[in-house]
Amino acid sequence: YQQAEHKLSDAKSQLTTIDQQLSGLTQQREQSLADIERLKAEQAEQNQALESLRPQLIELTDKRDNYKRNEQPLQRAWHEAQNNLSR
C-alpha cells in the first residue's frame, strides 16, 4: 500500500512538473506570437516608408543618369573652350 502511495505521489509530482513546463511553453508561445505580430507591423511600416521614398530615388537616379550622360560632352566642350582661349 505504501509503495502504491509513493508511486502515486511521484506521478503527481511529475504531472505538476509537466503542467509547469506546459505553462511556461504557453507563455513563450504567446510571447513569440506577439513578437511576430510586432515584427510584421514594423516590416509593414518600413515597406511604407520605402514606398514613400521610391519617387525620390527614381528622381535622383534620373538626375545621376542625366549627369553621367552630359558629363563627357561638357568636359570636352570645356577643354575645347580652354584650348581656344589659350590660342
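Everything discussed here concerns the structure shown above.
Predicted model only: the values in this text are computed from it and were never measured.

Let's talk about the environment of S86
- Within the fold, S86 resides in helix α1 (residues 2-86).
- For S86, a relative accessible area of 60% translates into the label exposed.
- Residues S86 and A44, spaced 42 residues apart in sequence, show a C-alpha to C-alpha distance of 61 Å.
- A distance of 3.0 Å separates a polar side-chain atom of S86 from the backbone oxygen of N83.

A short note on a nonpolar patch on the surface
- A cluster of nonpolar side chains, contributed by L15, I18, L22 and L25, occupies part of the molecular surface with about 400 Å² of accessible area.
- Secondary-structure assignment places L22 in helix α1.
- Under the relative-accessibility criterion, L22 is labelled partly exposed at 49%.

Thoughts on the pattern of salt bridges
- Under the definition given, this model contains six salt bridges.
- The residue R38 makes a salt bridge to E42 at a minimum N-O spacing of 3.0 Å. One end of the pair, R38, and the other, E42, are both in helix α1, four residues apart, so they sit about a helical turn from each other.
- Between E51 and R54 there is a salt bridge; the shortest N-O distance is 2.9 Å. Of this pair, E51 and R54 both sit in helix α1, three residues apart, roughly one helical turn.
- The partly exposed category is assigned to E51, whose relative accessible area is 46%.
- Judged by relative accessible area, R54 falls into the partly exposed class, the value being 36%.
- Several salt bridges converge on common partners, so that one network encompasses D35, R38 and E42.

Each value, and the rule that gives it
- Residues numbered from 1 in each chain as written.
- Predicted model: local features only at pLDDT ≥ 70, side-chain atom pairs only at ≥ 80, totals over all residues.
- Heavy atoms only, no water.
- Helix = DSSP H or I, 4+ residues; strand = E, 2+ residues; numbered from the N terminus.
- Buried < 20%, exposed > 50% of the residue type's maximum accessible area, 1.4 Å probe, protein only.
- Polar contact = N/O pair within 3.5 Å; in protein donor to acceptor, adjacent residues only side chain to side chain.
- Patch = residues over 30% accessible without salt bridge, like charges linked within 9 Å, V, L, I, M, F, W, Y side chains within 5 Å.
- Areas by Shrake-Rupley, 256 points an atom, 1.4 Å probe, with all protein chains shown as cover.
- Salt bridge = Lys/Arg side-chain N within 4 Å of Asp/Glu carboxyl O.

That's the geometry; what it means functionally is another story.
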